[in-house]
Amino acid sequence: MNIIHVIVLAIIEGITEFLPVSSTGHMIIGSSLMGIADDPFVKLFTIAIQFGAILSVVVLYYKRFLQSFDFYVKLLIAFIPAVVFGLLFSKKIDALLESALTVGITLFVGGIILLFVDKWFNKPQVTQEKNIGSLTALKIGFFQCLAMIPGTSRSAATIVGGMSQKLSRTAAAEFSFFLAVPTMFAATVKKMYDFYKEGHVFTGEEIKLLAIGNIIAFVIAMLAIRTFITYLERRGFRLFGWYRIVVGAIILGIILSGHDLKMV
């Protein structure tokens with residue numbers, strides 16, 4: 001893995017992490033096309049640079065993280081399902097991360113769903129995070145578990161989950177951002193622990209690449225969040241739906257034509 005690979009993957013992460021298009025799916029495809037997907041450090045890198053992305057949420061919304069203890073209680077409640085499902089099905093999830101077919105299918109199907117989300121949930125009753133109840137937070141947490149299937153998109157799953165509980169698009173998106181902080185931090189810590197447990201040791205060069213990747217992901221994610229919220233308020237999800245359908249169809253077309261997209 002070289003500095004060019006780092007820059008490309010960090011930009012992909014920064015742009016896609018909080019958009020409903022699946023950052024994991026895009027980085028799996030990106031690393032595969034660059035021929036580096038089978039490297040253990042690359043697999044760690046694609047998870048670890050999420051730390052830079054979640055820092056952008058903390059910086060942009062720092063006042064929300066200082067407002068009340070109840071804020072953290074709701075995040076914890078929403079986070080619990082992911083912890084339970086992650087521990088129970090970690091091996092199956094890792095196996096799915098190696099499947100280009102899974103990414104293609106979930107991108108395509110998720111795109112179709114996003115085409116209709118704005119019509120399905122067009123009568124929101126909750127417009128602010130402070131009005132989200134504990135039961136609603138828990139339900140959104142279960143929706144987040146769907147994102148363990150690569151290509152689904154954690155952002156898409158939690159935003160749609162929020163809207164299904166009568167949250168406005170903006171409230172659902174912002175709660176999705178907040179929930180990303182404990183979820184992605186835990187995923188990063190676990191991945192780094194697993195990397196160490198498997199006998200790998202970070203080299204000075206790898207530490208430098210991780211630092212650069214996180215800085216780039218942080219900057220790009222800040223821009224992406226601001227742009228996404230503004231666009232979402234005005235236009236909704238249809239553009240993202242069509243994008244997912246096109247990308248998913250391309251991936252499936254490549255696979256069905258007999259070509260191999262190497263995930264490992």
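Before any of the text, the structure's been laid out above.
Being a predicted model, the structure only gives us computed values, none of them experimental.

Peer 1: With reference to specific residues and values, describe the overall build of the protein.
Peer 2: Secondary structure summary: the protein contains twelve helices and zero strands in total. Secondary structure elements of the protein, listed N to C terminal, follow the sequence α-α-α-α-α-α-α-α-α-α-α-α. Counting only C-alpha atoms, the protein reaches 50 × 40 × 35 Å along its principal axes. A burial count over the protein gives 50% of its 264 residues as buried. Of all intrachain contacts in the protein linking residues separated by at least 6 positions in sequence, the fraction that spans at least 24 positions is 84%. Per element, the accessible surface of the protein, about 12,800 Å² overall, is 68% carbon and sulfur.

Peer 1: Tell me about the side chain of Ser-155, and name the residues and values.
Peer 2: Inspection of the secondary structure assignment puts Ser-155 in helix H9 (residues 154-164). Here Ser-155 falls in the buried class, since its relative accessible area comes to 1%. In this structure Ser-155 touches Glu-17, Phe-18, Leu-19, Pro-20 and Ser-176, once residues within four positions along its chain are discounted.

Peer 1: Talk me through helix H3 (residues 40-48); I want residue IDs and the actual numbers.
Peer 2: Of all nine residues making up H3, seven are buried, and the element is well covered by its neighbours. Where H3 is concerned, the buried positions are Phe-41, Val-42, Leu-44, Phe-45, Thr-46, Ile-47 and Ala-48.

Peer 1: How would you explain the nonpolar core if you had to name every residue and give the values?
Peer 2: Ranked by internal contacts, the top residues of the largest apolar core, which has 39 residues, are Phe-18, Val-57, Tyr-61, Phe-177, Phe-228 and Phe-237. Of all the secondary-structure elements, those providing two or more residues to this core are helix H4 (50-60), helix H5 (69-88), helix H7 (100-120), helix H8 (134-145), H9, helix H10 (169-197) and helix H11 (204-235). Sorting elements by how many residues they give to this core places H10 first, with ten residues. Apart from the residues within four sequence positions on either side, Phe-237 is in contact with Pro-20, Leu-114, Val-117, Asp-118, Ile-159, Met-163, Arg-169, Phe-228 and Leu-232. Counting residues in each nonpolar core, the second largest holds 16 residues, with Ala-10, Ile-12, Leu-209 and Leu-210 among its members.

Peer 1: A description of unusual backbone geometry should follow, citing residues and the corresponding values.
Peer 2: You will see that Ser-22, though not glycine, has its phi angle at about 80°, which is positive. Positionally, Ser-22 belongs in the loop between helix H1 (3-16) and helix H2 (23-33). Even without being glycine, Ser-153 reaches a positive phi, approximately 90°. With respect to the element layout, Ser-153 can be found in the loop between H8 and H9. Look at Ser-153 and you get buried, because its relative accessible area is 5%.

Peer 1: Please provide a residue-by-residue account of the packing of aromatic side chains, values included.
Peer 2: Counting across every chain of the model gives 16 aromatic pairs. Judged by centre distance (5.3 Å) and plane angle (80°), the rings of Phe-18 and Phe-177 are edge-to-face. Of the two residues, Phe-18 sits in the loop between H1 and H2 while Phe-177 sits in helix H10, which places them 159 residues apart along the sequence. Assessed through its relative accessible area of 2%, Phe-18 is described here as buried. Since its relative accessible area comes to 0%, Phe-177 is described here as buried. Ring geometry for Phe-65 versus Phe-178: centroids 5.7 Å apart, planes at 85°, classification edge-to-face.

Peer 1: Explain the environment of Ser-168 residue by residue, including any values.
Peer 2: Turning to its location among the elements, Ser-168 is positioned in the loop between H9 and H10. For the pair Ser-168 and Ile-140, spaced 28 residues apart in sequence, the C-alpha to C-alpha distance is 14 Å. Those residues in contact with Ser-168 that lie beyond four places of it in its chain are Pro-124, Val-126, Thr-127 and Met-163.

Cut-offs used in this document
- Residues numbered from 1 in each chain as written.
- Predicted model: local features only at pLDDT ≥ 70, side-chain atom pairs only at ≥ 80, totals over all residues.
- Heavy atoms only, no water.
- Helix = DSSP H or I, 4+ residues; strand = E, 2+ residues; numbered from the N terminus.
- Buried < 20%, exposed > 50% of the residue type's maximum accessible area, 1.4 Å probe, protein only.
- Contact = heavy atoms within 4.5 Å.
- Areas by Shrake-Rupley, 256 points an atom, 1.4 Å probe, with all protein chains shown as cover.
- Core = buried A, V, L, I, M, F, W, Y, C linked by side-chain atoms within 4.5 Å.
- Phe/Tyr/Trp six-rings, centres within 6.5 Å; stacked < 30°, edge-to-face > 60°.

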